[in-house]
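# Geometric and topological summary
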Amino acid sequence: MKHYFLRNTMNYLLGVMAIFVSFQTPVHVLTLHATSIPKIYPKNYFQSPVADDIRLSGSFGELRPNHFHAGIDIRRKEGGTNEPVFASADGYIGRIKIQGGGYGQAIYIKHPNGYTTVYGHLEKFTPAVQKFVRDKQYSDKKFEQDISLDSAQFKVRKGEQIANMGNRGNSFGEHLHFEIRETVSEKTINPLLFGIKLNDNSAPNLNGIKVYEFEKEDVVNERSISLKKSGNNYSLAVDTLEVLSDKIAFGVNATDGSEGSNGHNGIYNLRVFADSQLIYKFTAEAIAFSESRFVNAHMDYEEHATTNRYYHRAFLLPGNFLNMYDSVVNRGILTVLEKPVTVNMEVGDVNGNIAHLKIILKRKPNAVTTNFSKPIAQYLLPFNEGSLINFNNVQLQYPAGCLYQNLNLRLGSTETENGQLSPTYQIQNTRTPLHTDFEIAIQPTASLPDSMRGKVFMAYCKNNDSKISNLGGSFRSDGFFSCKNDEFGNYCLKYDTTAPSIRLQNTKSKGHKSKPTKLAFIIKDNFYACGETALKYTATADDQFFLLEFDAKNNLLFYNLDENRIPSGEHRVVITVTDFSGNVATFRETMLF
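Predicted model, so just to flag it, every value in this text is computed and none were measured.

So, on to the overall build of the chain. Along the backbone of the chain there are four helices and 48 strands. In the chain, which comprises 593 residues, the share counted as buried stands at 52%. Taking contacts inside the chain between residues at least 6 apart in sequence as the whole, the part at least 24 apart equals 69%. Surface exposure of the chain reaches about 27,600 Å², of which carbon and sulfur atoms provide 48%.

The phi torsion at Asn66 lies on the positive side, around 70°, for a residue other than glycine. By the element assignment, Asn66 lies in the loop between strand 2 (63-64) and strand 3 (67-68). The exposure class assigned to Asn66 is partly exposed, which follows from its relative accessible area of 30%. Positioned with a positive phi, Lys141 is a non-glycine residue whose angle comes to about 55°. Within the element layout of this structure, Lys141 appears in the loop between helix 2 (127-140) and strand 10 (145-148). We classify Lys141 as exposed; its relative accessible area is 57%.

Turning our attention to helix 2. In this model, helix 2 (14 residues) spans 20 Å end to end at C-alpha, consistent with the 20 Å of a helix rising 1.5 Å per residue. Three or more residues of helix 2 are buried, namely Val129, Gln130, Val133, Arg134, Gln137 and Tyr138. With its buried residues spanning 165° around the axis, helix 2 presents them on a single face. Facing away from the buried side of helix 2, by more than 90 degrees, are the exposed residues Lys131 and Ser139. Considering only its buried residues, helix 2 is in contact with strand 6 (91-98), strand 9 (122-125), strand 10, strand 44 (544-545), strand 45 (549-551) and strand 46 (556-560). Of the residues flanking the end of helix 2, it is Lys141, one or two places downstream, whose phi is positive at about 55°.

A few words on the sheet that holds strand 37 (residues 469-470). Here we have five strands laid out as an open sheet, ordered 33-34-40-36-37, and antiparallel in their pairing. The two strands at the open ends of the sheet, each matched to only one other strand, are strand 33 (411-413) and strand 37.

Side chains that differ in sign of charge can pair as their charged atoms come close. Per the counting criterion, the structure on display carries 28 salt bridges. Across the pair Arg476 and Glu439 runs a salt bridge, and its minimum N-O distance is 3.3 Å. Pair noted here: Arg476 is in the loop between strand 38 (474-475) and strand 39 (481-485) and Glu439 is in strand 35 (residues 438-442), with a separation of 37 residues, a long-range link. With a relative accessible area of 26%, Arg476 lands in the partly exposed category. Here Asp543 ties to Arg572 by a salt bridge, and the two come within 3.3 Å at their closest N and O atoms. Pair noted here: Asp543 is in the loop between strand 43 (536-541) and strand 44 and Arg572 is in strand 47 (residues 570-578), with a separation of 29 residues, a long-range link. Overall, the relative accessible area of 47% leaves Arg572 in the partly exposed class.

All told, the structure shown has 26 aromatic pairs when counted by the stated rule. Centre to centre, the rings of Tyr559 and Phe593 are 6.4 Å apart; their planes meet at 70°, and the pair counts as edge-to-face. Separated by 34 residues along the polypeptide, Tyr559 in strand 46 and Phe593 in the segment after strand 48 (584-592) bring together distant segments of the chain. On the basis of relative accessibility, which here comes to 4%, the residue Phe593 falls in the buried class. One aromatic cluster in this structure is built from Tyr41, Tyr45, Phe46, Tyr115 and Phe194. Over the ring of Tyr311 we find Lys210; its NZ or CZ atom is 5.9 Å from the centre of that ring. One residue, Lys467, lies across the ring of Tyr528, its end atom 4.2 Å from the ring centre.

For a regular strand, side chains alternate in direction, first toward one face of the sheet and then toward the other. The pairing of strand 47 with strand 48 spans nine bridges and is classified as antiparallel. Looking at strand 48, one finds that Ile575 is bridged to Phe587. Two successive antiparallel strands, strand 47 and strand 48, enclose a turn made up of five residues, where Gly582 displays a positive phi of approximately 85°.

Moving on to the side chain of Ser292. Along the chain, Ser292 turns up in the loop between strand 23 (286-287) and helix 3 (295-298). Among all residues touching Ser292, those that are not within four sequence positions of it are Asn66, His67, Phe68 and Ile287.

Moving on: the nonpolar core. A general tendency of soluble globular proteins is for nonpolar side chains to be buried together. Membership of the largest hydrophobic core comes to 117 residues, with the highest contact counts inside it found for Phe250, Tyr280, Leu361 and Phe546. Those residues in contact with Phe546, other than ones at most four positions away along the chain, are Tyr138, Leu519, Ala539, Thr540, Ala541, Tyr559, Ile566 and Val573. Listed in part, the 28 residues of the second largest apolar core include Leu381, Val456, Phe488 and Leu493.

Attention now goes to the pairing of strand 6. With two bridges joining them, strand 6 and strand 11 (residues 155-156) adopt antiparallel strand pairing. Residue pairing for strand 11: Tyr92 is matched across the bridge by Lys155. Pairing of strand 6 with strand 7 (residues 105-110), which is carried by six bridges, proceeds in the antiparallel orientation. When the sheet's bridge partners are listed, Arg95 is paired in strand 7 with Tyr108. The antiparallel hairpin formed by strand 6 and strand 7 contains six residues in its connecting segment, where Gly102 sits at a positive phi of about 55°.

So, on to the confidence of the model for the chain. Taken over all residues, the pLDDT of the chain has a mean of 90, while the share at 70 or more is 90%. Throughout residues 1-35 the model reports pLDDT below 50, and contacts reaching past four residues in sequence, or to other chains, amount to 58 contacts.

A few words now on the environment of Pro49. Tracing the backbone through its elements, the reader meets Pro49 in the loop between helix 1 (2-21) and strand 1 (56-58). Remark: the alpha-carbon pair of Pro49 and Ile162, spanning 113 residues in sequence, is separated by 9.6 Å.

Another point: the environment of Glu259. One can find Glu259 in the loop between strand 20 (247-255) and strand 21 (269-274). Setting aside residues no more than four positions away along its own chain, Glu259 makes contact with Ile54, Arg55 and Asn199.

Conventions and cut-offs
Residues numbered from 1 in each chain as written. Predicted model: local features only at pLDDT ≥ 70, side-chain atom pairs only at ≥ 80, totals over all residues. Heavy atoms only, no water. Helix = DSSP H or I, 4+ residues; strand = E, 2+ residues; numbered from the N terminus. Buried < 20%, exposed > 50% of the residue type's maximum accessible area, 1.4 Å probe, protein only. Contact = heavy atoms within 4.5 Å. Areas by Shrake-Rupley, 256 points an atom, 1.4 Å probe, with all protein chains shown as cover. Expected span 1.5 Å × (residues − 1). Arc of directions from axis to C-beta. Pairing = 2+ DSSP bridges. Salt bridge = Lys/Arg side-chain N within 4 Å of Asp/Glu carboxyl O. Phe/Tyr/Trp six-rings, centres within 6.5 Å; stacked < 30°, edge-to-face > 60°. Lys NZ or Arg CZ within 6 Å of the ring centre and 35° of its normal. Core = buried A, V, L, I, M, F, W, Y, C linked by side-chain atoms within 4.5 Å. pLDDT = per-residue confidence, 0-100.

Here is the structure:
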């Protein structure tokens with residue numbers, strides 16, 4: 001842990017140094033190396049968690065919204081369903097986590113070599129584990145669980161079946177999410193570095209690049225460029241790429257495939273050379289969860305928000321302190337003076353297959369950069385300092401480290417509409433990323449009876465999207481209503497007096513002779529809610545608690561019939577669902593099951 005802290009501190013200082021020197025020194029003079037010692041991982045300790053060849057639907061380090069993918073996603077075999085999942089090595093089940101979203105049903109196995117393997121989106125556990133979990137849920141009268149276990153309770157052997165593959169949690173097709181973590185730090189390591197075999201003999205695909213031109217420290221122009229392919233080699237349509245600025249950087253849209261995959265997985269590494277000197281290297285070897293949100297600085301966030309395409313930046317934003325880089329020179333930004341620069345880009349997968357791109361870069365003669373347009377700033381927010389802004393009846397507080405680079409913040413507002421307690425405040429736009437929460441506080445401009453104060457919430461929507469999210473929040477002593485969020489967009493105060501809805505699905509009520517195999521209910525609220533503002537629910541049959549499982553992605557509550565819990569017959573079922581504002585919906589019915 002001490003070495004890990006020192007390395008993070010050193011990389012932070014190196015990053016800060018790079019901010020001051022990156023535009024002072026040509027590429028061939030200054031080199032900053034993040035201190036990294038290549039690590040050797042045990043190659044024969046872990047086996048594949050599935051019986052058949054691995055077919056990937058998601059790779060380690062893949063770019064995802066707000067995070068790097070922390071494991072590999074293994075597809076089910078063709079025509080298979082609920083395939084068995086096996087322990088990758090000897091150990092014991094140290095943790096079981098159950099939730100409606102996330103990994104759904106997950107098992108964590110601790111191994112004596114200092115690693116933990118994680119198995120997510122499971123449909124069911126082995127009978128002994130399943131009974132243990134169900135008993136705990138009934139004892140706690142709660143579906144969601146996060147259970148820590150000691151080494152004596154559930155020991156497992158390498159190759160022993162521990163569960164079945166499923167589609168639980170935030171999963172949109174049956175698969176196994178598999179991770180290998182360092183037990184102490186919980187840093188996730190690429191599982192394919194442990195000798196687990198993946199059939200892959202093809203190099204990644206380069207789908208396009210972007211060129212970024214700088215004036216001082218700001219990107220003032222950017223453009224996308226298509227590529228020509230010949231085998232594993234790529235090139236531009238022109239022999240020489242002319243640019244206006246003397247400071248240039250690149251981004252690349254690349255995907256990787258393997259046998260049985262969809263061909264759209266993430267890459268393992270990216271290297272950029274300028275006149276044969278390595279100036280940038282990114283490797284998807286290991287990820288700390290505390291750093292995963294730096295993905296928003298690593299990728300071209302605005303490009304993804306606009307086109308849904310993922311581009312790896314081959315340069316560092318000033319506030320990007322992610323520990324997945326090595327040998328970075330001048331933040332990956334090239335200096336192009338009178339002499340052309342030869343740029344070579346290599347994009348590889350974990351099996352060593354590499355795609356190559358060569359670019360001859362030349363500054364256009366007599367180029368002038370002062371004509372580049374710059375955004376007009378209402379407020380200038382430094383990325384490495386905190387900022388407090390008062391704008392009409394809204395207060396914004398951004399902590400240091402909330403931004404990845406200095407920001408010219410734009411604010412606006414609209415009139416108070418029906419059902420609102422304040423104007424809608426337009427804060428920047430959703431194409432700009434935030435690394436941490438900021439605080440927003442709004443003073444109501446419409447009158448509000450005391451009886452309605454508990455119904456107020458902070459409403460959020462992206463741009464002019466009609467989907468409104470309930471962010472919760474609370475009144476401060478100064479009369480402002482406050483909450484925290486990690487996205488720019490549109491904010492206002494609203495109130496909610498509408499109860500959620502409960503809809504019975506695919507079951508039989510009293511009077512029907514046939515019995516269902518499970519009870520299912522769709523629950524919805526009039527505003528999108530998650531986390532602390534998510535709907536709360538309880539269920540009883542004949543005044544006794546019974547367990548409803550929750551599938552968050554489908555807003556589905558369900559109960560698989562179990563005569564050991566509720567015997568066959570007619571039962572008085574009561575389900576209550578409560579939203580953040582305290583509005584309650586109740587389902588009451590006598591049912592045969």
